[in-house]
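Structural characterization, general
Letter by letter, the chains look like this.
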Amino acid sequence: MHADYDDIIDRTAATAKAWLHGFEERPIPPAERIGEVREQLGERLPEDGADPDAVLERLTGAVEPGLMGIQSSRFYGWVMGGTFPVALGADWLVSAWDQNAGMRDATPGVVGAEEVAGDWLLDLLGLPSTADVGFVTGATTANMVGLIAGRTQVLRAAGWDVNRDGLAGGPRIRFIAGAERHTSVDLAARYAGLGQPVTVPSDEQGRIRVDLLRETLAAGEGPAIVALQAGNLHSGAFDDFEGAIAVAHEAGAWVHVDGAFGLWAGAASRLRHLTSGYEAADSWATDAHKTLNVPYDCGIAIVADPVAMNGAFSIHAAYLPRPAEGFDPYEKVPEMSRRARGVPVWATLAWLGRHGVDALVQRLGDSAAALARGLAELPGVTILNDVVFTQVCLALDDDDEIAGLAAALQAEGSVFASPSRWRDRAVLRFSVSNWATDEIAVARTIAAVRTALTAVNPR
Ligand SMILES: *Cc1c(COP(=O)(O)O)cnc(C)c1O
């Protein structure tokens, strides 16, 4: 039985190594489409099983041509990030150990590692050491955790127990967010029963207008939640936390910060000013699978008041032992059973240390700035945003040429950026989220964009 594992692990390690050695020079976009992958994996459930080696071989053969080179140093799509070797190693151990990370006393090994990782994160990010940390699948769920903790708390303050009585018939919560919030905030609000946000216009970099937030809050009354943003998807901009949180707290609102990739600016000495004042918020969401470059899935929900988090997510049953002290992990997040996804966070932080995290985040920002400078010199190119963090938005003189540029880059295959619209312009977004993006990658990127531009518009 143990030999079965040995064999599989050795073979899988060889397959993984081959992939990891090859992805940097392989074209970034997938070579095959989903239909081809599905066809090779089979339309129908097999009646009889197969040999595990044959299964894994078939899986690799069918899936690898359909893989996106997300780990490439020249992959800038959406906001993603790669995987550090140490994080990958820790993630494999999480699977091998197969612990259910829901309970402190049942699985103290992995819960201990996650709790230390949580304490380190609060320290690194400059957030209150008394806050509580929960590990979830991603920032969408982390946003939901913040909003549900906030919902429970603002309703309690209004004399309504949502856990007992539900939302229907209770006071309506005013949910307020900036016009350029990430769409996952809308999803999180939907799951939390808050409905569509009342939107406050943003400034030219996508930051919530604090003067208009004040007006919006003053125009109504009752329980309120305000969602702010650390790191705009297009511009990388950060809301004015000092101003916005003061205004929101004055009105008695709960303040949540979506910092899926941007919260990490708080860990970088020269970028920390961007997050100034964010420590006064009530909840925060971030991803370790983006800026920290650990494998998917790893979102992090942080709530300043542990009792508010626990009040929303805790439940007790006779078959679940109460921990000798503190709250169990399952009392902080929507999942009861889950993998110990915080363990790779501990390993990555232990490996990098405070200075290493600082250098990582700074390097992402420096690479984005260098990329923006180089791209801006190409004919017909304008960089639309102030590049304060890791996001670069490229526009062309003619909006209609953006799709062609994206397609030319994809066809060439060495650079991947995703098209979007921002400030009423067609743009190509470059998100520098991968630890491996360095000067060489940036120079190759600029050269590839230069070539692709001549294909789009031979001047
Ligand atoms: C990626 C992202 C999210 C959603 O995070 P997931 O991990 O995909 O759930 C939310 N907000 C911002 C700003 C993001 O970049």
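Look up a bit, the structure's there.
Rules behind the numbers
Residues numbered from 1 in each chain as written. Predicted model: local features only at pLDDT ≥ 70, side-chain atom pairs only at ≥ 80, totals over all residues. Heavy atoms only, no water. Helix = DSSP H or I, 4+ residues; strand = E, 2+ residues; numbered from the N terminus. Rg over C-alpha atoms; globule rule 2.2 N^0.38 Å. Buried < 20%, exposed > 50% of the residue type's maximum accessible area, 1.4 Å probe, protein only. Contact = heavy atoms within 4.5 Å. Areas by Shrake-Rupley, 256 points an atom, 1.4 Å probe, with all protein chains shown as cover. Lys, Arg positive; Asp, Glu negative; His and termini not counted. Charge placed at Lys NZ, Arg CZ, Asp CG, Glu CD. Core = buried A, V, L, I, M, F, W, Y, C linked by side-chain atoms within 4.5 Å. Near = heavy atom within 4 Å. Polar contact = N/O pair within 3.5 Å; in protein donor to acceptor, adjacent residues only side chain to side chain. Nonpolar A, V, L, I, M, F, W, Y, C, P; charged D, E, K, R; others polar. Pairing = 2+ DSSP bridges. Axes fitted to C-alpha atoms, helices over the stretch in contact; angles between N-to-C directions. Parallel < 35°, antiparallel > 145°, perpendicular 65-115°, else oblique. Left-handed = near helix turned anticlockwise from the far one by under 90°. Salt bridge = Lys/Arg side-chain N within 4 Å of Asp/Glu carboxyl O.

With that settled, the discussion passes to the overall build of the chain. Helix and strand content of the chain: 14 helices and 11 strands. For 459 residues, the compact-globule estimate of 2.2 N^0.38 gives 23 Å, and the C-alpha radius of gyration of the chain, at 23 Å, lies within 12% of that figure. Projecting the C-alpha coordinates of the chain onto the three principal axes gives extents of approximately 65 × 65 × 45 Å. The buried share among the 459 residues of the chain stands at 51%. Taking as baseline every contact in the chain between residues at least 6 positions apart, the subset at least 24 positions apart corresponds to 72%. Accessible area for the chain stands at about 20,700 Å²; split by element, carbon and sulfur atoms hold 55% of it. Computed over 37 positive and 60 negative side-chain charges, the inter-centroid distance for the chain is 3 Å.

So, about the environment of Leu124. Residue position: Leu124 is located in helix α5 (residues 108-125). For Leu124, a relative accessible area of 9% gives the class buried. For the pair Leu124 and Gly266, spaced 142 residues apart in sequence, the C-alpha separation works out to 7.3 Å.

Moving on: the nonpolar core. Core analysis: the largest hydrophobic core is formed by 85 residues, its most contacted members being Ile302, Leu375, Leu394 and Phe430. It is helix α12 (residues 343-376) that contributes the most residues to this core, 11 residues altogether. Filtering out sequence-adjacent residues up to four positions away, Ile302 remains in contact with Leu122, Leu125, Leu127, Ala131, Asp132, Val133, Leu263, Asp282, Ser283 and Trp284. Counting residues in each nonpolar core, the second largest holds 29 residues, with Val154, Ala177, Leu194 and Ile225 among its members.

Close to the ligand lie Gly138, Ala139, Thr140, His182, Ser184, Gly231, Asp258, Ala260, Phe261, Asp287, His289 and Lys290. At 2.6 Å, a side-chain N or O of Asp287 approaches an oxygen atom of the ligand. Contact between the ligand and Lys290: an oxygen atom at 2.8 Å from a side-chain N or O atom of the residue. Considered on its own, the ligand offers 380 Å² of accessible surface; in the complex 84% of this is hidden by protein. Its residues assigned to classes, the shell around the ligand shows three nonpolar, six polar and three charged.

Attention now goes to the sheet that holds strand β2 (residues 174-178). Strand order in this open sheet of seven strands is β1-β7-β6-β5-β4-β2-β3, and the pairing throughout is mixed. Because the sheet does not close on itself, it has two edges, and the strands there are β1 (132-136) and β3 (198-200). For this sheet, the mean angle separating the axes of adjacent strands, direction not counted, is 20°. One ladder, built from five bridges, connects β1 with strand β7 (residues 299-303); its direction is antiparallel.

For the rest of this paragraph, the subject is the packing of helix α13 (residues 402-412) against helix α14 (residues 439-456). Where α13 contacts α14, the axes come no closer than 9 Å and their chain directions differ by 120°. Looking at the two axes, α13 sits oblique to α14. Seen from above, α13 lies across α14 with right-handed handedness. Listed contacts from α14 to Gly404, Leu405, Ala408, Leu409 and Glu412 of α13 are Ala448, Val449, Ala452, Leu453 and Val456. Looking at the contact of α13 with α14 residue by residue, the class counts come to eight nonpolar, one polar and one charged.

Further remarks concern the pattern of salt bridges. The tally for this structure, following the rule as stated, stands at 18 salt bridges. Linking Arg11 and Asp53 is a salt bridge whose minimum nitrogen-to-oxygen distance equals 3.3 Å. Here the residue Arg11 occupies a position in helix α1 (residues 2-22), and Asp53 occupies one in helix α3 (residues 52-63), the gap between them amounting to 42 residues. Owing to a relative accessible area of 18%, Asp53 belongs among the buried residues under this scheme. Its salt-bridge partner being Arg207, residue Asp203 comes within 2.7 Å of it at the nearest N-O pair. Classification of Asp203 as partly exposed rests on a relative accessible area of 21%. Residues joined by salt bridges that share partners form a network here, namely Asp7, Arg11 and Asp53.

Attention now goes to unusual backbone geometry. Among all residues save glycine, negative phi is the norm, and among peptide bonds the norm is trans. The omega torsion of the bond from Tyr296 to Asp297 falls at -10°, within 30 degrees of zero and hence cis. Structurally, the position occupied by Asp297 is in the loop between β6 (283-287) and β7. Not every positive phi belongs to a glycine, and Arg423 is a case in point at roughly 50°. Secondary-structure assignment places Arg423 in the loop between β10 (418-422) and β11 (425-431).

If you trace the four strands from one edge of the open sheet to the other, you get β8-β9-β11-β10, paired in antiparallel fashion. Sheet topology places β8 (381-383) and β10 at the edges, where each strand pairs with a single neighbour. The mean angle between the axes of side-by-side strands here comes to 40°, regardless of whether they run parallel or antiparallel. Judged from the three bridges that link them, β8 and strand β9 (residues 391-396) form a sheet pairing that is antiparallel. Each residue of the ladder has a partner; that of Val381, found in β9, is Leu396. Sheet contacts for α13: β9, β10 and β11; angle to β11, the most-contacted strand, approximately 30°.

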